[in-house]
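Next come the chains, spelled out residue by residue.
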Amino acid sequence: MAFKGAPDSIALALFFVFWYAGNMKYNEYNTAALNAVGGKTSGMTMTVATMQLGVCAVYAIIMWVIKLNPAKLFGLQMPSRQDVPKVTKADLIKSIPLGFCSAGAHAATVFALGGDPLFGQIVKSAEPVLAAVVGTFAYGKAPSFNKVMCLPVIVGGVAFASLKKGVDGSYSLKFDTTALVFGMLANAFAAFKGGENSKLLSDKGVAERYGGVGNQFAVTQILGFVILLPIMFATEGNMFPVFLEKLTSDFNLQFNLIMSGLSFYIYNELATYTLKVTGAVTASVANTAKRVIVMVYMAAVTGKALTDEQKLGSGIAISGVLLYSLIDDLLKPKAKATKTD
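Residues numbered from 1 in each chain as written. Predicted model: local features only at pLDDT ≥ 70, side-chain atom pairs only at ≥ 80, totals over all residues. Heavy atoms only, no water.

Chemist: Quick rundown of a nonpolar patch on the surface? Include the residues and the values.
Modeler: Residues Val58, Ile61, Ile62, Val65, Ile66 and Leu68 make up a contiguous nonpolar surface patch of roughly 540 Å² in combined accessible area. No other element matches the 5 residues that helix α2 (residues 45–66) contributes to the nonpolar patch. Note on placement: Val58 falls in helix α2. Judged by its relative accessible area of 49%, Val58 is partly exposed. (Patch = residues over 30% accessible without salt bridge, like charges linked within 9 Å, V, L, I, M, F, W, Y side chains within 5 Å. Areas by Shrake-Rupley, 256 points an atom, 1.4 Å probe, with all protein chains shown as cover. Salt bridge = Lys/Arg side-chain N within 4 Å of Asp/Glu carboxyl O. Helix = DSSP H or I, 4+ residues; strand = E, 2+ residues; numbered from the N terminus. Buried < 20%, exposed > 50% of the residue type's maximum accessible area, 1.4 Å probe, protein only.)

In structure tokens, the structure reads:
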């Protein structure tokens, strides 16, 4: 009898643990990689983001070569088979918008977290706001009235987190501009990514030829890397020799660049495994809890504590996101019980 590994219930719990752990470690490795090249003013942030997707692309190709995806080992289960997808040239062309949006969301996130890892996370909690706008105007999928009423709570929380109290007791706006601008840009790209992903998977033929979300994610990361390469050379090409010199001589940069790419890929896969088998409520709570845990972890890693305004503002924003995710279920009319004779 073949060994199947841990029961699904135990595997699911472990997937949750390693999804959270992977997300936390990605933030840590990403921050360390950016610091190794000189921080947000080094002119190599896009290079770091692109090379992370390069690591993802290499990892995806290795899985196709060995025909195994080891992600389920984190749940103490046997690796799943991962063959090269049987996609056509037309399928790949249809996948380019998703690859572009995915690459944009990743690069913008790296810029945001490079500006301020903590405030960047707060800004990224406002993703539902951009998702509502993009869904309404680009894909004709407007949120319900109840969800719309939650959006001011999210915006208000992020706005309050941007305030700083002066010595005279008055408040003024003070925030990392890079984290705010690129965090909102990442939210916009993520919103378009969700729309393009749904549109791509609505084509049953394409979905069947991909042979699962694992292959689709792999192809998306490879496309994202290819898309970011020319952008990287156009914006930071003059710094690439400096980056190569640092990369070949600095083990710290090598380690954190590789580990940030691997942890990014793996935690996204584990998130897919968990969210695919949980209900909407569990998924919403899990995503909300993840944001809080990552912020607390990064505060400990960076030694930069959240201000009182950031604590309260992020709490309001994240609570608003949770309410946004659950409100339609909470206010859903209850079915009337049928009378029996």
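Chemist: Please set out the pattern of salt bridges residue by residue, giving values where relevant.
Modeler: This structure, assessed with the given rule, holds 8 salt bridges. Notably, a salt bridge pairs Lys67 with Asp83, separated by 3.9 Å at the nearest N-O pair. Taken as a pair, Lys67 in the loop between α2 and β1 (68–69) and Asp83 in the loop between β2 (80–81) and α3 (89–115) lie far apart in primary sequence, 16 residues in all. One salt bridge connects Asp203 with Lys94, and the closest N-O pair in it is separated by 2.9 Å. You can see Asp203 sitting in the loop between α7 (177–201) and α8 (204–210) and its partner Lys94 sitting in helix α3, a full 109 residues away along the chain. In this structure Asp203 comes out as partly exposed when scored by relative accessible area, which is 27%. Each of the salt bridges in this network shares a partner with another, and the network as a whole consists of Lys67, Arg81 and Asp83.

Chemist: Break down unusual backbone geometry for me, with residues and values.
Modeler: Phi angles above zero are rare outside glycine, and Lys67 is one such case at about 60 degrees. Look at Lys67 and you get partly exposed, because its relative accessible area is 35%. Backbone geometry places Leu76, a non-glycine residue, at a positive phi of 60 degrees. Position of Leu76 among the secondary structure elements: in the loop between β1 and β2. Classification of Leu76 as exposed rests on a relative accessible area of 54%.

Chemist: Which residues make up the packing of helix α10 (residues 240–249) against helix α11 (residues 251–277), and what are the values?
Modeler: Orientation of α10 relative to α11, taken along the N-to-C sense of each, is 95 degrees, at an axis distance of 5 Å. Classified by the angle their axes make, α10 and α11 are roughly perpendicular. Across the interface between the two elements, Phe243, Lys246, Leu247, Thr248 and Ser249 of α10 pack against Phe251, Leu253, Gln254 and Leu257 of α11. The class makeup of the residues in the contact of α10 with α11 is 5 nonpolar, 3 polar and 1 charged. (Axes fitted to C-alpha atoms, helices over the stretch in contact; angles between N-to-C directions. Parallel < 35°, antiparallel > 145°, perpendicular 65-115°, else oblique. Contact = heavy atoms within 4.5 Å. Nonpolar A, V, L, I, M, F, W, Y, C, P; charged D, E, K, R; others polar.)

Chemist: Describe in detail the nonpolar core, supporting the description with residues and values.
Modeler: The biggest cluster of nonpolar side chains holds 48 residues, and the ones touching the most others in it are Trp19, Phe243, Tyr265 and Leu270. Mapped onto this core, the elements with two or more residues apiece are α1 (8–36), α2, α3, α8, α9 (213–236), α10 and α11. When residues in this core are grouped by element, the largest group, 10 residues, is from α2. Ignoring anything within four residues of it in the chain, the contact list for Leu270 reads Phe15, Phe18, Trp19, Ala71 and Phe74. Ala126, Leu130, Ala188 and Met298 belong to the second-largest nonpolar core, a separate cluster that totals 26 residues. (Core = buried A, V, L, I, M, F, W, Y, C linked by side-chain atoms within 4.5 Å.)

Chemist: Talk me through the packing of aromatic side chains; I want residue IDs and the actual numbers.
Modeler: For the structure shown, the criterion picks out 17 aromatic pairs. Ring geometry for Tyr26 versus Tyr267: centroids 6.2 Å apart, planes at 45 degrees, classification tilted. Here the residue Tyr26 occupies a position in helix α1, and Tyr267 occupies one in helix α11, the gap between them amounting to 241 residues. Judged by its relative accessible area of 12%, Tyr267 is buried. Counting every residue linked through ring pairs, the aromatic cluster contains Phe16, Trp19 and Tyr20. In this structure, Lys72 packs its charged tip against the face of Tyr273, placed 5.7 Å from the ring centre. The ring of Tyr324 has Lys147 sitting right over it, with the charged end atom 4.5 Å from the ring centre. (Phe/Tyr/Trp six-rings, centres within 6.5 Å; stacked < 30°, edge-to-face > 60°. Lys NZ or Arg CZ within 6 Å of the ring centre and 35° of its normal.)

Chemist: Lay out α11 in plain terms, naming residues and giving numbers.
Modeler: If you check α11, its first and last C-alpha atoms are 39 Å apart, about what 27 residues at 1.5 Å a residue would give, namely 39 Å. The backbone nitrogen of Asn252 lies 2.9 Å from a side-chain oxygen of the residue at the head of α11, namely Asp250. (Expected span 1.5 Å × (residues − 1). Polar contact = N/O pair within 3.5 Å; in protein donor to acceptor, adjacent residues only side chain to side chain.)

Chemist: Got a sec to walk through the side chain of Asp116? Specific residues and values, please.
Modeler: Following the sequence through the fold, Asp116 ends up in the loop between α3 and α4 (117–124). Only 3.0 Å separates the side chain of Asp116 from the backbone nitrogen of Leu118, close enough to count as a polar contact. Look past the residues within four positions of Asp116 in its chain and what remains in contact with it is Asp176, Ala179 and Lys304.

Chemist: Any chance you could break down the packing of α2 against α9 for me, citing the residues and the numbers?
Modeler: It is the contact of α2 with α9, at a shortest axis distance of 8 Å, that shows an interaxial angle of 150 degrees. The angle between α2 and α9 places the two elements in the roughly antiparallel class. In the crossing of α2 with α9, the sense of the turn from one axis to the other is left-handed. Of the residues assigned to the contact of α2 with α9, the class counts are 17 nonpolar, 8 polar and 1 charged. (Left-handed = near helix turned anticlockwise from the far one by under 90°.)

Chemist: Please provide a residue-by-residue account of the UniProt feature "transmembrane region" (unreviewed entry) in the protein, values included.
Modeler: Here the UniProt feature "transmembrane region" (unreviewed entry) sits at residues 5–22, 42–66 and 213–233. Secondary structure content for residues 5–22 is 83% helix and 0% strand, while the C-alpha to C-alpha distance between its ends is 22 Å. In residues 213–233, helix accounts for 100% and strand for 0%; the two terminal C-alpha atoms are 30 Å from one another. (UniProt positions renumbered as here; feature names shortened; annotations may be inferred.)

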